[in-house]
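Structural overview
Residues per chain are reported as follows:
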Amino acid sequence: MDLLALADFNLVARHGGFGRAARAAGRPKATLSRRVAELEADLNLRLFERGARDLKLTEEGRALHERTAALLTELGETAAAIASGGDRPRGHLRISVPLLFSQTAMGKLAAGFALAYPEVRLEVTTDDRAVDMIEEGYDLVIRVNPRTDETLVGRPFLHDRLVVVGRPDLARPDGTAVSAVVRGSADPGNIWMMTTARGPSPLAIDPVLSLSSLVMVRDAVRLGIGVGRLPLSLVSRDLAGGRLVQWGEVEGPDITLWTLYPSRRLLSARVSAFLTYLKKQFPKGTPDELAAFID
């Protein structure tokens, strides 16, 4: 297989058309079209469906793009590193991070990493959805309790747990529902299952306020609007200072933050550096470490 033709195919696939790829690379459109046609003939496969106005990858073309684009990038970076006499982390590192971690910790983490590795251009985006790493061009994602994905590998680096907290002066319920601040929509008849020192303790709640982020939930709980379910790391300072009290721990699995990256991809120096940097910041991966880092 002609690696140069394969590189041209990936260029066209990444930009979604011969014209856009030609403009981005500063190369003739006809040359790219010819090289892709030669690759199709060599493989005996149609890689693009060519419409009157658009260009779409075939199923085979998508598979080839997903499996070779990252490898070609790694080959280029490896060659550049060897030519420069080392394998220092360099280049563009694109990361997707969930909202809460982004709001509380990622700015500080990103700045520290940028200072430690000035040749890496770090780009961080915030998203709670399960992004498509290959299609959207991410090198690494951070996710909370991710579902099993055979195309990705990863490792946990932080553990946390949900607790029910409220102001010390908030009256405890006497058989009625307690006012609660919730994230997102909730049924007024909701029951929070929590565990106290006496064992399981269901808590009936009346969602009087619905907010879109846990940071906003915490701020509202601090003002006494109602109780809230929040990560321990986010409220540990408030608990230690007596501004909030813990009513119980939420039943269910712990919150675990994972770093994920494509399993078919060679682990680049910049991704390895970021993983090492995370481990250095959170060596034990406990809620206390995250709380200390936030504050």
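Before reading on, note that the structure itself is shown above.
This section reports on the structure supplied with the text. All of these numbers come straight from a predicted model, not from anything done at the bench.

On the surface, Val208, Leu223 and Ile225 cluster together into a nonpolar patch covering about 280 Å² of accessible area. Here Val208 lies in strand 10 (residues 199-211). Judged by its relative accessible area of 43%, Val208 falls in the partly exposed class.

Next up on the list: the layout of surface pockets. Its volume calculated, the second largest pocket comes out at about 590 Å³. Around the second largest pocket sit 22 residues that line it, and Arg14, Ala69, Thr73, Ile134 and Gly137 are the ones nearest its centre. Sorting the residues of the lining of the second largest pocket by element identifies helix 1 (3-15), helix 4 (59-83), strand 3 (91-97) and helix 6 (133-136) as the ones contributing at least two each. Ranked by residue count, the leading element in the lining of the second largest pocket is helix 4, at seven residues. In terms of residue class, the lining of the second largest pocket is made up of nine nonpolar, five polar and eight charged.

Counting buried positions over the seven residues of strand 3 gives five, a clear majority of the element. For the crossover that starts at strand 3, traverses helix 5 (residues 99-116) and ends in the parallel strand 4 (residues 120-126), the hand is right-handed. As paired elements, strand 3 and strand 5 (residues 140-144) share two bridges and run parallel to each other. When the bridges of strand 5 are listed, Ile95 appears paired with Leu140.

This part is about the packing of aromatic side chains. According to the stated counting rule, one finds eight aromatic pairs in the structure shown. On the basis of an interplanar angle of 75 degrees and a centroid distance of 5.9 Å, the ring pair of Phe101 and Phe157 is categorised as edge-to-face. Residue Phe101 is found in helix 5, and its partner Phe157 is found in strand 6 (residues 152-160); the two are separated by 56 residues along the sequence. Its relative accessible area of 4% is what places Phe101 among the buried residues. Between Phe113 and Tyr117, the aromatic rings sit 4.8 Å apart at their centres with planes inclined by 35 degrees, giving tilted as the arrangement. Among the aromatic residues, ring-to-ring pairing joins Phe101, Phe157, Phe282 and Phe293 into one connected group.

Analysis parameters
Residues numbered from 1 in each chain as written. Predicted model: local features only at pLDDT ≥ 70, side-chain atom pairs only at ≥ 80, totals over all residues. Heavy atoms only, no water. Patch = residues over 30% accessible without salt bridge, like charges linked within 9 Å, V, L, I, M, F, W, Y side chains within 5 Å. Areas by Shrake-Rupley, 256 points an atom, 1.4 Å probe, with all protein chains shown as cover. Salt bridge = Lys/Arg side-chain N within 4 Å of Asp/Glu carboxyl O. Helix = DSSP H or I, 4+ residues; strand = E, 2+ residues; numbered from the N terminus. Buried < 20%, exposed > 50% of the residue type's maximum accessible area, 1.4 Å probe, protein only. 1 Å grid on protein atoms, 1.4 Å probe; cavity = no way out; pocket = protein on both sides within 12 Å on 5 of 7 lines; lining within 4 Å. Points joined across faces, edges and corners; volume = space filled by probe spheres on them. Nonpolar A, V, L, I, M, F, W, Y, C, P; charged D, E, K, R; others polar. Right-handed = clockwise from strand over helix to strand, strands pointing away. Pairing = 2+ DSSP bridges. Phe/Tyr/Trp six-rings, centres within 6.5 Å; stacked < 30°, edge-to-face > 60°.

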